[in-house]
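Take a look at the letters that make up each chain.
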Amino acid sequence: MAKISPKNAALAIYDATLGKSGAELALTLKNGVKTLSDKRLLSQSEEILGALQGIIDKKTNTIRMKITAAKALGAEEKKKLEHQIKEKYKAEKVESEFFEKSDLLGGIRIEVGDEVIDSTYKSKLNKLENFLIQSN
Amino acid sequence: MSNNIVENLRKEIESFKAATMTEKVGHVIEVFDGIAKVSGLSDIKSSEMVTFPGGATGVALNLEEDAVGIIILGDFSNIKEGDEVKATGRILEVPVSENILGRVVNALGAAIDGKGAIKTQGDKQQTYPIERVAPGVITRLSVSEPVSTGIKVIDAIIPVGRGQRELIIGDRQTGKTAIAIDAILNQKGQDMICVYVSIGQKDSKLRKIEARLEAGGAMNYTVIVSAGASEAAALSYIAPYTGVSIAEYFMDQGKDVLIIYDDLSKHAVAYREISLLLRRPPGREAYPGDVFYLHSRLLERACRRNEQYGGGSITAFPIIETQAGDISAYIPTNVISITDGQIFLEADLFYKGIRPAVNVGSSVSRVGSAAQIKAMKKVAGTLKLDLAQFRELEAFSQFGSDLDESTKSSLERGKRSVEVLKQLQYAPVKVEHQIVTMYALTKGYIDDVPLEKIKEFENGLSDFTENNAKIFYKEVKEKKMWSDAGEAELKKAIEDFKSGFVQ
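These numbers come from a predicted model, not from an experiment. (Residues numbered from 1 in each chain as written. Chains lettered and ligands numbered in written order. Predicted model: local features only at pLDDT ≥ 70, side-chain atom pairs only at ≥ 80, totals over all residues.)

Draft legend 1. Structural detail: the overall build of chain A. For chain A, the helix and strand inventory stands at five helices and four strands. Along chain A, helices (α) and strands (β) appear in the sequence α-α-α-β-α-β-β-β-α when read from the amino end. A compact globule built from 136 residues should have a C-alpha radius of gyration of about 14 Å, whereas chain A, at 21 Å, is more than 25% larger. With the principal axes as the frame, chain A shows a C-alpha extent of 60 × 40 × 25 Å. Within chain A, the proportion of its 136 residues that are buried is 10%. (Helix = DSSP H or I, 4+ residues; strand = E, 2+ residues; numbered from the N terminus. Rg over C-alpha atoms; globule rule 2.2 N^0.38 Å. Buried ≥ 20, exposed ≤ 12 C-beta atoms within 10 Å, placed from the backbone.)

In C-alpha cells, the structure reads:
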C-alpha cells in the first residue's frame, strides 16, 4: 500500500468531519486519532495539523501572512497592508502576524505561504553586494 | 587614481536597481551528501536553479508531493536546516562568450585557471541553458566532411566525420586520453573549436593536459571544462552538459566544434551516486533506470546542421573506461549503441608496443567512410581487411614453419602495416603524409625495408616527397585526389628516395 502522507491524512479528517458538530464531531475526531495511532502517524501530527489548517484556509479563502519589520508598525499601516494583501490575493480574510527584527535596518518583509515580498534594506544591500561582485 | 575608483564605484552603484518583487521560497528540511530536501517552492520546475543563503546554487531534480530534492552545486557545509531557499525561475545555465576560448572553467562556467574572471562580450552576459533538446531531423545534414585526427590508424581505417559521435573505449592506461589530446593538437589551423570536458579526473592529470595543449599552441582554440575528483558529484553530473552548451554556442555561429567527454563512465557513476541519494530506485549495476537517457540526450546534441539552419557541427569523442576489457558491461554497451562507432583500445596491444593500441578488428566507424577524402579511401581501402587476414595468418603461422610464398609475403606485409600504423604520442601526422605512407605501403615499396628501419624510412619519405612531389601534394590538398601526372611524380619520388635510403 502506498504511504499515507500528512496531506492525505488531513484531507481524510476534513472530509470525515465536514458538517458535523457536537457529540458526533467528538466521536469522529476520536476515531480519527485512533486511526492515526493505528497507522503510526501520530508522530506526524504537527504536519497533519498544518495540512488541515491549509485545507480549511483554502476552503474559507483565508490567507496567513507574516510581516517582519525593523520597527513596530502603526495600526493604520497594518490595516493598509492587510487591505493591500487581501486585494492582491483576492482573499476574503487575512490572518496576520507581526514581528520586529531590528537587523533588517528598514523596510518590511511580507510572507504569504511560500511567497515572499522583501523590500527590507538588508536584502537590498545584499543584492547590491552581489551586483558589485558580479560586475567586477 | 583613488578618485577614479570612487567615481567608477559611484557609477556602478547608480546603475543598480533593486526592484522589489514576489519571490518563491522554501526551507531546508534536511541536508546530506550534497543533497537538500526543501519544503515550499510550490511552482518550481524540474532543473530549475535555486539559491541558498551563502550564495551556493542548487538544481531541483526530484519534485515530490510535499518536498523538493535539490542537488547542491558546490560547498554545502554552510547550509543548515531551516535555511531559506529562493527559486530563480531560470533553468540551469552557463555564461558563454568568445572570451571563454583558452580558458579552464568549472562545471558552472566560472574560470578556475587563475587568469581572472571571463570578460563578458557587450553589456549583457549571454547564457545558454545546460539542458537543451537536440537539433531536429529537418535541421540536420549527414556526415560528409572529415575530422582529421592526425592519427594514422584512425584517419585511414576508422575515419571520423564532422558531426559524428565516435566512442573511445578501453581499459585504464591504454591511451584513451592520448588519442583525444592528439586529435585536439591536430586541429591547429583546421578551423575547429575544441572543448575538453574532464569528469572526475585527477587535478594533476588535468594540469598536465592543459600544459601540453598550451605547449602545442592548442589552447587558442580550446576550452577545458573541469569537474575534478575532489568536487561534488553534482558538478560531475552537469559538466558534460555545460561542455556541450559551450560547444552549441560556437556551433550557433556556424563553426565546427570537437568535444571530448573524458570520461562518461565516471559521469554515470556520479549520476548513480546522486540518484541513490535522492532515493530513486536502483536498476542494473545499481544505476538508475534513466542512465541510458542520461547519455543519449547528451550525445544526440552532437550533430551537423545544414546551411539553412546556420551550419556548424559538433563532433563528439566520448570516452569510456572498461574493467578488464569487458565491453559488455552496462554503460559500455549503452554508449556503444548510442554512438556512430568505436575506437577500441586493448591493453595486450599496448604492452606489445603497438601504440596507439587500437584493435582494428573490433573498432568501427559507421558513418565516417562517407567523410573520408577520396585519396585516403583509395590507399587505405583494403588495409582493414589486410590487417584482419594478417592476424589470422599470424595465429596459424605459429603452429608450423613451412609456409608457402604467398602466405609469407602476406605476413611480411602485415607486419609492415602494423609497424607503419604505430605512432608516437603528441606527434600528429598531416593527412598528405599519411596518404604518401599508405601509398608506399599498399604498392609494396616498403616490403623490402627492414622492420626496424620503417619509422626512419617513413619520416624520410615524408620529407623527401614533400619537396619532390609537389604536384601530388598540391592535388591532394586542394582536390582531395591525385591525377595520373601526380601519381607518376610520386612514384618517381618514392623510387628515388628508396634508392638513396637503401644505400
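Draft legend 2. Molecular detail of the interface of chain A and chain B. In this complex, chain A contributes 14 residues to the contact, which on the side of chain B involves 14 residues. Residue assignment for the side of chain A that touches chain B shows that the elements contributing at least two residues are β4 (115–118) and α5 (121–135) of chain A. Here the side of chain A that touches chain B takes six residues from α5 of chain A, the largest share from any one element. Here the side of chain A that touches chain B is composed, by residue class, of five nonpolar, three polar and six charged. Bridge count between β4 of chain A and strand β1 (residues 22–32) of chain B: three bridges; the pairing is antiparallel. (Contact = placed C-beta atoms within 7 Å. Nonpolar A, V, L, I, M, F, W, Y, C, P; charged D, E, K, R; others polar. Pairing = 2+ DSSP bridges.)

Draft legend 3. Here's a closer look at the nonpolar core. In terms of nonpolar packing, the biggest core is built from 135 residues, with Ile184, Val195, Ala234, Val257 and Ile259 of chain B touching the most fellow members. Element by element, the count of residues in this core is highest for helix α5 (residues 233–251) of chain B, at 13 residues. (Core = buried A, V, L, I, M, F, W, Y, C linked by C-beta atoms within 7 Å.)

Draft legend 4. Structural context of the environment of Asp340 of chain B. Residues and elements named next belong to chain B. Take Asp340: it is sitting in the loop between α8 (330–338) and β17 (341–345). Looking at Asp340, the number of C-beta atoms within 10 Å reads 20, which means it is buried. A C-alpha to C-alpha distance of 19 Å links Asp340 and Gly312, two positions 28 residues apart in sequence. If sequence neighbours within four positions are ignored, Asp340 has contacts with Gln164, Arg165, Glu166, Arg366 and Val367.

Draft legend 5. Highlighting the sheet that holds β17 of chain B. All names here are of chain B. One open sheet holds the eight strands; their spatial order is β8-β14-β13-β15-β16-β12-β17-β18, and the pairing between them is mixed. Every other strand in the sheet has two partners, leaving β8 (104–106) and β18 (364–365) as the edge strands with one partner each. Across the face of the sheet, α5 comes into contact with β8, β13 (192–199), β14 (222–227), β15 (256–262) and β16 (313–321) while running at roughly 175 degrees to β13. (Axes fitted to C-alpha atoms, helices over the stretch in contact; angles between N-to-C directions.)

Draft legend 6. Looking closely at helix α3 (residues 176–185) of chain B. In terms of burial, α3 of chain B is largely enclosed, as nine of its ten residues are buried. Where α3 of chain B is concerned, the buried positions are Lys176, Thr177, Ile179, Ala180, Ile181, Asp182, Ala183, Ile184 and Leu185 of chain B.

Draft legend 7. Up close: the confidence of the model for chain B. When pLDDT is averaged along chain B, the result is 93, and 99% of the positions lie at 70 or above. Here the predicted complex carries an ipTM of 0.84, next to a pTM of 0.90. (pLDDT = per-residue confidence, 0-100.)

Draft legend 8. Broad picture of the pairing of strand β3 (residues 108–112) of chain A. Residue and element names in this part refer to chain A. When strand β1 (residues 62–69) meets β3, the two strands line up antiparallel, connected through five bridges. Across the sheet, the residue bridging to Thr68 is Arg109, located in β3. In terms of strand pairing, β3 meets β4 through four bridges, oriented antiparallel. Across the sheet, the residue bridging to Ile110 is Ile117, located in β4. In sequence, β3 turns back onto β4 through a hairpin of two residues, with Gly113 there showing a positive phi of about 60 degrees.

Draft legend 9. How the structure looks around α8 of chain B. All names here are of chain B. Every buried residue of α8 is accounted for by Ile331, Pro332, Asn334 and Val335. In a view along the axis of α8, the buried residues occupy a sector of 165 degrees, so they form one face of it. Residues of α8 that are buried make contact with β12 (167–170), α6 (264–277), α7 (291–299) and β16. (Arc of directions from axis to C-beta.)

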